[in-house]
Amino acid sequence: MTEDFNMLKKTDPKIAKLIEQEQKRHQDTVDLIASENYPSKSVREALGSIFVVKYAEGRPHKRYYGGQEYIDKLETLAEERALKAFKLDSQNWAVNVQPLSGAPANYEILRGLLDTSDKILCLHLPHGGHLSQGSKASLSGQDFTPVYYYLNKDGFLDYESIEELAVKEKPKLIIAGYTAYPRIIDFEKFGKIAKKVGAYLLTDTSHITGLIIGGVHPSPFPWTDVLMTTTHKTLRGPRGAMIICRKELEEKIFPKVFPGLQGGPHMHTIAALGVALGEALTPAFKKYARQIVKNAGISASELKKYGFDLVSGGTDNHLVLIDLRNKNITGKHAQELLEKAGIVTNKNTIPYDPGTPFDPSGIRLGTPAVTTRGMKEKEMKLIAGWINEVINNPGRAKEIRKKVEKLCSKFLIP
Ligand code: DSN
């Protein structure tokens, strides 16, 4: 615990206790939520830094308030690192590190590029898309006209049918990049389809940005017109988002971030993102990204040995989507049981799910957080075995929890 935390214990013991309990919960359990990760201590230090104070509406060197000397340097540095991480140049690409989160960032992009009611082509939510990608429950699906594409029965993207649909529907924008798709995305194919029908391509790489930067998933550049990514998943940054677009689209999109939808950017978050991007540029991060994918692959093959059905039959990235129907248990029940055993997952819809989003037929597992803790093949095998035991023998959850805690004690949270 840091000195500052000791201060909090004195000034606000109630909140200090909750922080301590949350810390212990993490330490004693394995976090297999595919979208969560542990940032480094350096990222967290930057997040708690003096940059939390400053209002900085505007863009670097074009602000509304005084006192921006270091803010401008900070934001420019974070932008430079973002471009470097994706191997892009500032002549052709523009970056904005101010979006507060992924869902508003997607909306800012849509509002920047489209007229309301324009058509967008996006993956249907229960097939692995995201709420902010044209779901009717979100403004992205209410203010624009979504047309959905679907995974094929095997759980893979079907580029031919996506192309046919694009030709038929002539959307103004196509979205690629998902929350629960365990396979490589062919961004080049998406780019060609978008070009053929005169649509913009928006790639939402939130889940796989760390894998792209780490060289274990193909980059969407130069195929995409605009990329949106959250910054806290495989990238291991703070909660937040960023947008990178073709230079000529900057004038359309960035004013929707500020002043369109947001006020002052969270400069402490931008400081922490700069640190995370700096870390992502190191050889150690490449190794980390490779290990995430390796760990997911081992988990998938072990689970298959135990008779679990995996959507698409396996994984190429950081996540595994289990179809639980042959195990006669729903996603909700499995999530609850596993949590009792100290294995934290999330219930998830599977393509063509007969269940509902509140009680779907699948669970989603991801390896970014356990890989950050240093777990490797051996630990993945143990965890897959425990998942199997708990699902088949719910009565053993407590006993397994002890084993999970013992394992976790050897792998500290950074
Ligand atoms: N909630 C995130 C995920 O789990 O994929 C996306 O917003």
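Computed from a predicted structure; not experimentally measured.

Draft legend 1. Examining the pairing of strand 10 (residues 241-246) more closely. Strand 10 sits mainly inside the fold: five of its six residues count as buried. Taken together, the four bridges between strand 4 (residues 93-96) and strand 10 define a ladder with antiparallel strand orientation. Note that in strand 10 the partner of valine 95 across the bridge is isoleucine 244. Here strand 9 (residues 226-230) runs beside strand 10; their pairing, made up of five bridges, is antiparallel. Looking across to strand 10, one finds that valine 226 is bridged to cysteine 245.

Draft legend 2. Examining the side chain of aspartate 31 more closely. Tracing the backbone shows aspartate 31 in strand 1 (residues 30-31). Notably, aspartate 31 is buried but unbridged: the nearest opposite-charge side chain belongs to arginine 25, and the N-O separation is 5.9 Å. Of the polar contacts made by the side chain of aspartate 31, one reaches the backbone nitrogen of isoleucine 33; its length is 2.9 Å. Dropping the residues within four chain positions of it, aspartate 31 is found in contact with His26, Glu36, Tyr38, Val344, Gly366, Ala369 and Val370.

Draft legend 3. Structural context of the sheet that holds strand 8 (residues 200-204). Strands sit in the order 4-10-9-8-7-5-6 across an open sheet of seven strands; the sheet is mixed. Looking at strand neighbours, the two that pair on one side only are strand 4 and strand 6 (145-149), the edges of this open sheet. On average, each strand axis in the sheet is inclined to that of its neighbour by 20 degrees, with strand direction left out of account. In the packing of helix 10 (residues 250-261) onto the sheet, contacts are made with strand 4, strand 8, strand 9 and strand 10, and the angle to strand 10 comes to roughly 160 degrees.

Draft legend 4. Main features of the packing of helix 15 (residues 377-392) against helix 16 (residues 397-408). Running from N to C, helix 15 and helix 16 cross one another at 165 degrees; their axes reach a closest spacing of 10 Å. Of the possible angle classes, the one that applies to helix 15 and helix 16 is roughly antiparallel. As for the relative orientation of helix 15 and helix 16, their crossing is left-handed in sense. Contact with helix 15, carried on its side by Glu379, Leu382, Ile383, Trp386, Glu389 and Val390, involves Ala397, Ile400, Lys403, Val404 and Leu407 of helix 16 and no other residues of that element.

Draft legend 5. Expanded view of helix 2 (residues 13-28). Between its first and last C-alpha, helix 2 extends 22 Å over 16 residues, near the 22 Å set by a 1.5 Å rise per residue. Listed as buried for helix 2 are Ala16, His26, Gln27 and Asp28.

Draft legend 6. A look at the site of the ligand. Every residue lining the ligand is accounted for by Ser35, His130, Thr179, His207, Lys233 and Arg364. Separating an oxygen atom of the ligand from a side-chain N or O atom of histidine 207 is a distance of 2.7 Å. Coverage of the ligand by the protein amounts to 64% of the 230 Å² it exposes when considered alone.

Draft legend 7. How the structure looks around the sheet that holds strand 14 (residues 346-348). Strand order in this open sheet of four strands is 11-12-15-14, and the pairing throughout is antiparallel. Either end of the sheet is taken by a strand with one partner, and the two such strands are strand 11 (309-310) and strand 14. Bridge analysis of strand 11 against strand 12 (residues 319-323) gives two bridges, and the strand direction is antiparallel. Within the sheet, the bridge partner assigned to aspartate 309 lies in strand 12 and is aspartate 323.

Draft legend 8. Here's a closer look at the nonpolar core. Grouped together as the largest cluster of nonpolar side chains are 56 residues, with contacts concentrated most on Leu157, Ile174 and Phe190. It is helix 11 (residues 267-280) that contributes the most residues to this core, eight residues altogether. Setting aside residues no more than four positions away along its own chain, isoleucine 174 makes contact with Leu121, Ala166, Phe190, Ile193, Ala194, Val197, Ala199, Tyr200, Leu201 and Leu202.

Draft legend 9. Just the packing of aromatic side chains, in detail. Applying the stated criterion across every chain yields a total of nine aromatic pairs. Ring centres 6.0 Å apart and planes at 45 degrees place the aromatic pair tyrosine 149 and phenylalanine 190 in the tilted group. Pair noted here: tyrosine 149 is in strand 6 and phenylalanine 190 is in helix 8 (residues 187-197), with a separation of 41 residues, a long-range link. Considered together, tyrosine 149 and phenylalanine 190 belong to a single accessibility category, that of buried residues. On the numbers, 5.5 Å between centres and 55 degrees between planes, the contact of phenylalanine 285 with tyrosine 288 is tilted. Here phenylalanine 285 pairs with tyrosine 288, and both are found in helix 12 (residues 283-305), just three residues apart, close to one helical turn. Per residue, the accessibility class of phenylalanine 285 equals that of tyrosine 288, and both read buried. An aromatic cluster of three or more residues is present, and its members are Phe86, Trp93 and Phe221. Positioned above the aromatic ring of tyrosine 288, the side-chain terminus of arginine 236 is 5.7 Å from the ring centre. Between lysine 327 and the ring centre of phenylalanine 308, over which it is positioned, the NZ or CZ distance is 4.5 Å.

Cut-off values and rules
- Residues numbered from 1 in each chain as written.
- Predicted model: local features only at pLDDT ≥ 70, side-chain atom pairs only at ≥ 80, totals over all residues.
- Heavy atoms only, no water.
- Buried < 20%, exposed > 50% of the residue type's maximum accessible area, 1.4 Å probe, protein only.
- Helix = DSSP H or I, 4+ residues; strand = E, 2+ residues; numbered from the N terminus.
- Pairing = 2+ DSSP bridges.
- Lys, Arg positive; Asp, Glu negative; His and termini not counted.
- Salt bridge = Lys/Arg side-chain N within 4 Å of Asp/Glu carboxyl O.
- Polar contact = N/O pair within 3.5 Å; in protein donor to acceptor, adjacent residues only side chain to side chain.
- Contact = heavy atoms within 4.5 Å.
- Axes fitted to C-alpha atoms, helices over the stretch in contact; angles between N-to-C directions.
- Parallel < 35°, antiparallel > 145°, perpendicular 65-115°, else oblique.
- Left-handed = near helix turned anticlockwise from the far one by under 90°.
- Expected span 1.5 Å × (residues − 1).
- Near = heavy atom within 4 Å.
- Areas by Shrake-Rupley, 256 points an atom, 1.4 Å probe, with all protein chains shown as cover.
- Core = buried A, V, L, I, M, F, W, Y, C linked by side-chain atoms within 4.5 Å.
- Phe/Tyr/Trp six-rings, centres within 6.5 Å; stacked < 30°, edge-to-face > 60°.
- Lys NZ or Arg CZ within 6 Å of the ring centre and 35° of its normal.

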